[in-house]
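What the coordinates show
Each chain, letter by letter, is given below.
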Amino acid sequence: MRKISADYIFPIHAKPIKNGVLTVGDDGKIVALSTRSETDNDIELYSGIICPGFVNAHCHLELSHLKNLIPEHTGITGFIRELSKLRNIADTQEQIQCAKFYDNQMYLQGIVAVGDISNSNLTFEIKKQSRIFYHTFAEAFSCNEAETKDILKKNQDIVDCGRKLGISISPTLHASYSMCDGLFSEMKLRSERSGILSYHNQETQDENEYFKNNSGRFSEFYDEFKIPDYPAPFGKTSIHRLLDSIDKNTKIMLVHNTFTSEDDFDFAVSANANITWTLCPKSNLYIENHLPPIEMFRRKNARIATGTDSLSSNANLSIIEELLAISNSFGNIELHELLTWATLNGAEALGIEVKYGTFELGKAPGIVLIDNVDTGKMMLTEKSTSQILHN
Ligand SMILES: [Zn+2]
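Here the structure is a predicted model, which is why all the values come from computation and not from measurement.

The rules behind the values
Residues numbered from 1 in each chain as written. Predicted model: local features only at pLDDT ≥ 70, side-chain atom pairs only at ≥ 80, totals over all residues. Domains from an automatic or database assignment. Contact = placed C-beta atoms within 7 Å. Helix = DSSP H or I, 4+ residues; strand = E, 2+ residues; numbered from the N terminus. Expected span 1.5 Å × (residues − 1). Buried ≥ 20, exposed ≤ 12 C-beta atoms within 10 Å, placed from the backbone. Arc of directions from axis to C-beta. Pairing = 2+ DSSP bridges. Axes fitted to C-alpha atoms, helices over the stretch in contact; angles between N-to-C directions.

Attention shifts here to the domain arrangement of the protein chain. With domains assigned, the protein chain is organised as domain 1 (1–51 + 358–391) and domain 2 (54–356). Averaged C-alpha coordinates put domain 1 and domain 2 at centres separated by 31 Å. Counting residues at the interface gives 20 residues for domain 1 and 20 residues for domain 2. Of all elements in the fold, only β16 (367–374) and β17 (379–390) reach the threshold of two or more residues within the side of domain 1 that touches domain 2. Here the element with the most residues in the side of domain 1 that touches domain 2 is β17; it accounts for seven residues.

Dropping the structure here:
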């Protein structure tokens, strides 16, 4: 049993507690939440604030060997060009070593659960042994109908491999622009059957331009790479490709949403009530140098979660850095709200809120210390860092 205290405790399900005390069992379960009194003893006292473990709602652990290799601000088509050249630049052992190192880094910085995209089984042994809980989205993409059968088989093999190892895994689609019709409809069906999916949505204005007006950089991209079966434009923004016909009950994580308009948002919530809008601001700044319409999402009471994306478009896999990137541009957002995105909302998106996301008694959500917080203004500072205290 440990009693842990700091300047403030953010339980997330309740208001911040000044001089709060958190009592946690050896099994990580929250036993009590109280306020410090002078008669208390055996308390570990920290400077800063304490919150539940972070949920990194969007990551690609298997791309960890690509740190610092792709230049910034290429736009998404430039980024895909570079990524396809570099993806296998390192041998398998090196890729595994990098993934293992950053799995540990994430944990030390307070991440206790991850929604992770995988196009292979490279990271599965790491996930099995990790102190982090992973839900793996086994992702497929291809714009070549001749390949569809093989890609579906490969995807099923990856899902089966994960299940055999006992990790949490389900199939998912990549994005509107990267899948031919045959693969898209079968992967949509498989995702609906599993009840949850993750989707790279409106990461660039070019995908809206392409599907709506048959213009923008995707037309050139498809031609340049002689893509045989690229999807046809349909006169609406790209979000419609998935949501025009989605099963209403499927839990959907829409990732990026950098160029989602209010009309897109209204349409999306009318098509499906169970959407989490996952934001990866540092990756957006890296690739497109643009941030999602966060004020619109807040005004609409969207369920927002946060992710790091991969090290191919980020310098670190740190949730606190993502929150800082948001508060640097949107300074009016209260810390309690930002931390809710980084904890409870990500946990709900992955369906793991029974254990993670808040300091409700009986949960074992992990305990994170954030230091160098401006507790007067209750804001993160450039010096804020996070570390795991207990899991
Ligand atoms: Zn991604």
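Attention now moves to helix α2 (residues 92–108). For α2, which comprises 17 residues, the first-to-last C-alpha distance of 25 Å matches the rise-based estimate of 24 Å (1.5 Å per residue) to within 8%. All buried positions along α2 are accounted for by Gln 95, Ala 99, Tyr 102, Asp 103 and Met 106. Angularly, the buried residues of α2 cover 115° about the axis, an arc narrow enough to put them on a single face. In α2, the exposed positions angled more than 90 degrees off the buried face are occupied by Gln 93, Glu 94 and Leu 108. Tucked inside the fold, the buried residues of α2 contact β8 (54–59), β9 (111–118) and α3 (124–129). Backbone geometry just after α2 places Gly 110 at a positive phi near 100°.

Once that is clear, we can look at the sheet that holds strand β3 (residues 17–18). The sheet built from five strands is open, its strands ordered β3-β2-β7-β16-β17 with mixed pairing. The open sheet has two edge strands, β3 and β17, and neither has a second partner. The sheet contact formed by strand β2 (residues 8–9) and β3 spans two bridges and is antiparallel. Opposite Tyr 8, over in β3, you have Lys 18 as the bridge partner. Most of the contacts of helix α12 (residues 319–329) go to β17, to which it runs at about 155°, and overall it touches β16 and β17.

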